[in-house]
Amino acid sequence: MANLGSLERAIMNVLWDAGRAMRVRELLERLNEERDLAYTTVQTVAERLVKKGLLVRTPSRNAFRYAAARSRAEHVTHLMLEALAVSTERLPVLTRFAQSVEEEDALALLDELTRRTGRRGGR
């Protein structure tokens, strides 16, 4: 995930995998299965992700719950579209992408594009 540090990515993955909002204490427990982090570190990084628009924060008694602002698929799609938007020549980028993905993924993409275009041929 572009522009995210390793702890930011780890927090996002925990929340996406959980599929629900979590308090910092819950995030800390999951994250500390593989590393040794302080509560304040996780809280600070979660707040940074809120400011980046990747997490939403809701009050929960005397704490906050954090949840992903969008699904993993929506986030990755957003990153891909951002990368495409910076290209001055989209066709070579799209062509290279189509040539680079696994065949199974290319077929799935072709099926979806065919559905989207109503099975129209040509341009």
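Keep in mind the model is a prediction, meaning the values are calculated, not measured.

Asks: Help me understand the side chain of Glu8 in this model?
Replies: Mapping Glu8 onto the fold places it in helix H1 (residues 6–18). Judged by relative accessible area, which is 4%, Glu8 ranks as buried. A distance of 3.0 Å separates the side chain of Glu8 from the side chain of Lys52, its partner in a polar contact. Leaving out residues up to four positions away in the same chain, Glu8 has contacts with Asn3, Val45, Arg48, Leu49 and Lys52.

Asks: Sorry, what's going on with the pattern of salt bridges here?
Replies: Oppositely charged side chains can form a pair if their charged atoms are brought close together. Summed over all chains, the structure comprises eight salt bridges. In this structure, Asp17 engages Arg72 in a salt bridge whose closest nitrogen and oxygen atoms are separated by 3.0 Å. Taken together, the positions of Asp17 in helix H1 and Arg72 in helix H4 (residues 72–85) put the pair 55 residues apart, joining distant regions of the chain. What emerges from the salt-bridge pattern is a single network uniting Arg20, Arg23, Glu26 and Arg65.

Asks: Could you clarify how one ought to interpret the environment of Val24 in this entry?
Replies: Among the secondary structure elements, Val24 is positioned in helix H2 (residues 24–31). Sequence separation between Val24 and Pro92 is 68 residues, and the spatial gap between their C-alpha atoms is 44 Å. Not counting the four nearest positions on each side in its chain, Val24 is found in contact with Tyr39, Val42, Gln43, Phe64 and Tyr66.

Asks: Even after reading the chapter, I still don't get the packing of aromatic side chains, so can you show me in this structure?
Replies: Note on aromatic pairs: each is described by the distance of the centres and the angle between the planes. Enumeration over the complete set of coordinates arrives at zero aromatic pairs. Just above the ring of Phe64 sits the side chain of Arg57; from NZ or CZ to the centre is 4.2 Å.

Asks: Help me understand the pairing of strand E3 (residues 63–68), please; the structure alone is not making it clear to me.
Replies: Across a regular strand the side chains alternate sides, sitting on one face of the sheet and then on the other. Here strand E1 (residues 22–23) pairs with E3 via two bridges, running antiparallel. Note on E3: the bridge partner recorded for Met22 is Tyr66. Relative to E3, strand E2 (residues 55–60) runs antiparallel, the two sharing six bridges. Residue pairing in the sheet places Arg57 in a bridge with Tyr66 of E3. Hairpin connection, E2 to E3: the antiparallel pair is bridged by two residues, and Arg61 has positive phi, about 55 degrees.

Asks: I tried to follow the sheet that holds E2 on my own but got confused; where do I start?
Replies: Backbone hydrogen bonds are what pair the strands of a sheet, in a parallel or an antiparallel way. The strand order E1-E3-E2 describes an open sheet built from three strands, whose pairing is antiparallel. Both outer strands of the open sheet, E1 and E2, are each paired with one neighbouring strand and no more. Across the sheet, H1 touches E1, E2 and E3, and the angle it forms with E3 is around 80 degrees. With respect to the sheet, helix H3 (residues 39–51) is in contact with E2 and E3, its orientation differing from that of E2 by roughly 120 degrees.

Procedures and definitions
Residues numbered from 1 in each chain as written. Predicted model: local features only at pLDDT ≥ 70, side-chain atom pairs only at ≥ 80, totals over all residues. Heavy atoms only, no water. Helix = DSSP H or I, 4+ residues; strand = E, 2+ residues; numbered from the N terminus. Buried < 20%, exposed > 50% of the residue type's maximum accessible area, 1.4 Å probe, protein only. Polar contact = N/O pair within 3.5 Å; in protein donor to acceptor, adjacent residues only side chain to side chain. Contact = heavy atoms within 4.5 Å. Salt bridge = Lys/Arg side-chain N within 4 Å of Asp/Glu carboxyl O. Phe/Tyr/Trp six-rings, centres within 6.5 Å; stacked < 30°, edge-to-face > 60°. Lys NZ or Arg CZ within 6 Å of the ring centre and 35° of its normal. Pairing = 2+ DSSP bridges. Axes fitted to C-alpha atoms, helices over the stretch in contact; angles between N-to-C directions.

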